[in-house]
Amino acid sequence: MKKIFAMLTAILLCGAMMTSCNKENKNENPQGPTKADLVGTWEGTYSGTTLIEDEDQNVNYTIVWTLTMNPEGSPMVGSLSYKLNLTGYEEINRTVNISSYDVRQNTYSGYIILAASSGSGILDNSINFDIDLKAKTLSGTFQAFTSGASFLGGETILHKK
C-alpha cells in the first residue's frame, strides 16, 4: 500500500511540474507586429465639418479611407484611397500608390510612404500609425485637401477587413 501511495505521489508531482502556471498567448508577439501582420485591406471613416470658401456655413463631410498593403514580392506594394463626400457637392475619389510600408522594430507603430501624394489631395506623403493586433485596428492621422476647403480628416481608426 505504501508503494502505491508513493508511486501516486510521484506521478502527481511529475504531472504538476510538467504543467505551466502561465498560459501562453500565441497571438501576441512581445516584440511587436511584423510587416506580414500589415498585409491586407484596412478601412475606416472620418466625419467632420468644414467651412467652404465663399460660404457662410459649415458643411458636413465624410471620408472613407481604404489602405491596401500587399505581401512582399507582389507587383504593387499597395495603395491608399479615399472617397470624400461633402454634403451638397460631388463625391471625390482618389487613389495613390504606396512606395513602401513597414513597422518599427520592437514597437506597435509603423509607417507608409506614398508614391505621389500631392496630386491625389492627400496631405502627407508619409503617414505614421499605431497598430493593435488584438483589435485588428490601425490608427493614424489621415488628411486630404481640396480646393476651396481646408484640410479634411484627422485621427482615423482603420479596421482590417
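### Considerations on the confidence of the model for the protein chain
For the protein chain, per-residue confidence averages 83 on the pLDDT scale, and 78% of positions sit at 70 or higher. Looking across the protein chain, the model is least confident in helix 1 (residues 2-18), with a mean pLDDT of 58, and most confident in strand 8 (residues 152-160), with 96. In this model residues 22-27 is a low-confidence stretch, pLDDT under 50, and it forms 1 contact with partners more than four residues away in sequence or in other chains.

### Notes on the sheet that holds strand 6 (residues 126-132)
With antiparallel pairing, the 8 strands of this closed barrel are ordered in space as 1-2-3-4-5-6-7-8. Each adjacent strand pair in this sheet contributes to an overall mean axis angle of 30°, direction not counted.

### Quick word on the environment of Trp65
Assignment of secondary structure puts Trp65 in strand 2 (residues 58-69). Take Trp65: its relative accessible area is 0%, and that puts it in the buried class. Placed 20 residues apart in sequence, Trp65 and Thr45 show a C-alpha to C-alpha distance of 6.1 Å. Sequence-distant contacts of Trp65, defined by excluding residues within four places in its chain, comprise Trp42, Glu43, Gly44, Leu80, Ser81, Tyr82, Ile122, Phe142, Gln143, Ala144, Thr156 and Leu158.

### Quick look at the nonpolar core
Among the nonpolar cores identified, the biggest contains 29 residues, and Trp65, Leu67, Met69, Leu80, Ile112 and Leu138 are the most heavily contacted of them. Breaking this core down by element, the ones donating at least two residues are strand 2, strand 3 (78-86), strand 4 (92-103), strand 5 (109-114), strand 6, strand 7 (137-144) and strand 8. Ranked by the residues each element gives to this core, the list is headed by strand 2, at 6 residues. If we ignore the near neighbours within four places in the chain, the residues touching Leu80 are Trp65, Thr66, Leu67, Arg94, Thr95, Val96, Ile98, Ile112, Leu114, Ile122, Ile127 and Phe142.

### Remarks on the packing of aromatic side chains
For the structure shown, the criterion picks out 4 aromatic pairs. When the ring of Phe145 is compared with that of Phe151, the centres are 6.3 Å apart and the planes differ by 85°; the resulting orientation is edge-to-face. An aromatic cluster of three or more residues is present, and its members are Trp65, Tyr82 and Phe142. Between Lys35 and the ring centre of Tyr101, over which it is positioned, the NZ or CZ distance is 4.9 Å.

The rules we used
Residues numbered from 1 in each chain as written. Predicted model: local features only at pLDDT ≥ 70, side-chain atom pairs only at ≥ 80, totals over all residues. Heavy atoms only, no water. pLDDT = per-residue confidence, 0-100. Helix = DSSP H or I, 4+ residues; strand = E, 2+ residues; numbered from the N terminus. Contact = heavy atoms within 4.5 Å. Pairing = 2+ DSSP bridges. Axes fitted to C-alpha atoms, helices over the stretch in contact; angles between N-to-C directions. Buried < 20%, exposed > 50% of the residue type's maximum accessible area, 1.4 Å probe, protein only. Core = buried A, V, L, I, M, F, W, Y, C linked by side-chain atoms within 4.5 Å. Phe/Tyr/Trp six-rings, centres within 6.5 Å; stacked < 30°, edge-to-face > 60°. Lys NZ or Arg CZ within 6 Å of the ring centre and 35° of its normal.

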